[in-house]
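Results of the structural survey
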Amino acid sequence: MSLRVPIQKIMSKIFFIPSFMDKQELRILCRDESSASRLWMSYMQSGGLIFKDRSYDEAFTEIGSALQIAHYQLTITNTPTWRWAMRLVESTNLTVVILGQLGHQSVIEELLVAVEQQILALPNLKDCPPKRDARWLCRWCKSMNCKRRQESLANLYLQNKPFADSTQAH
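Every chain is numbered independently, its residues counted from 1 as its sequence is written. Local features in this predicted model are restricted to residues of pLDDT 70 or higher, and side-chain atom pairs are both shown and tallied only at a pLDDT of 80 or more, whereas totals for entire chains, interfaces and linings draw on every residue. Note that the side-chain values use all heavy atoms of the structure and ignore hydrogens as well as water.

1. Structural notes on helix α5 (residues 105-121)
- The numbering of helices and of strands both runs from the N terminus, where a helix is a DSSP run of H or I of at least 4 residues and a strand a run of E of at least 2. One less than the residue count of a helix, multiplied by 1.5 Å, gives the span that helix is expected to have. Over its 17 residues, α5 extends 25 Å from the first C-alpha to the last, a length consistent with the 24 Å expected when each residue adds 1.5 Å.
- Those residues of α5 that fall on the buried side of the exposure criterion are Val 107, Ile 108, Leu 111, Leu 112, Ala 114, Val 115, Glu 116, Gln 118 and Ile 119.
- Note on definitions: a residue-residue contact is assigned when non-hydrogen atoms from the two residues lie within 4.5 Å. Structurally, α5 contributes buried residues whose contacts are with α3 (56-75), α4 (82-101), α6 (134-143) and α7 (147-159). Only protein chains enter the accessibility calculation, which uses a 1.4 Å probe; a residue is then buried when its area is under 20% of its type maximum, exposed when over 50%, and partly exposed in between.

What follows is the structure in structure tokens.
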């Protein structure tokens, strides 16, 4: 199996910048919060459905696009929100699961460290629920280094209904 988007494209040693869509396209499609939100949800849902069909290469591209949208939304504002930080972590989780299914376990730790560093570099997140903050999200990222956790989450994605945005309650 070969990935359509090279793994190296999602990683940067200096700064985490996922790259699945053209930057100009991203700016146009994410012209406002509502458009970005609908687009993120669409990519997550389609990626989840494709993942359930075990078409991991295609799922990787879809979920990677959702990851890029979440990252973009966090970096274009001076006051990033909990919702977009949570979406970044959710997109990362499914990306990690897909990378594991594709046999790319070796890049998962580096990806998770990059996402953690990105989250910690954010100013205070707006609208955090009680007892939740950037450090809580980083602990969630760290937990995804566990192969058993990855397999458990993969089984949940394979067995459950299409992806539902858990940030809606926040």
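2. Topic: the environment of Gln 117
- Considering the arrangement of structural elements, one finds Gln 117 in helix α5.
- Through-space distance from the C-alpha of Gln 117 to that of Cys 138 is 8.4 Å; in sequence the pair is 21 residues apart.

3. A short note on the packing of aromatic side chains
- We call Phe, Tyr and Trp rings a pair once their centres come within 6.5 Å, taking the six-membered ring for Trp, and we label the pair stacked below 30 degrees between planes, edge-to-face above 60, and tilted otherwise. Within this structure, the stated rule accounts for 5 aromatic pairs.
- Centroid distance Trp 40 to Trp 84: 6.5 Å. Interplanar angle 80 degrees. Geometry classified as edge-to-face. On the criterion of sequence distance, the pair formed by Trp 40 in helix α2 (residues 33-52) and Trp 84 in helix α4 is long-range, its members being 44 residues apart. One exposure class covers both Trp 40 and Trp 84, and it is buried.
- Ring geometry for Phe 51 versus Tyr 157: centroids 6.3 Å apart, planes at 80 degrees, classification edge-to-face. Residue Phe 51 is located in helix α2, and its partner Tyr 157 is located in helix α7; the two are separated by 106 residues in the primary sequence.
- On the basis of relative accessible area, Phe 51 is assigned to the buried category, the value being 0%.
- Since its relative accessible area comes to 18%, Tyr 157 is described here as buried.

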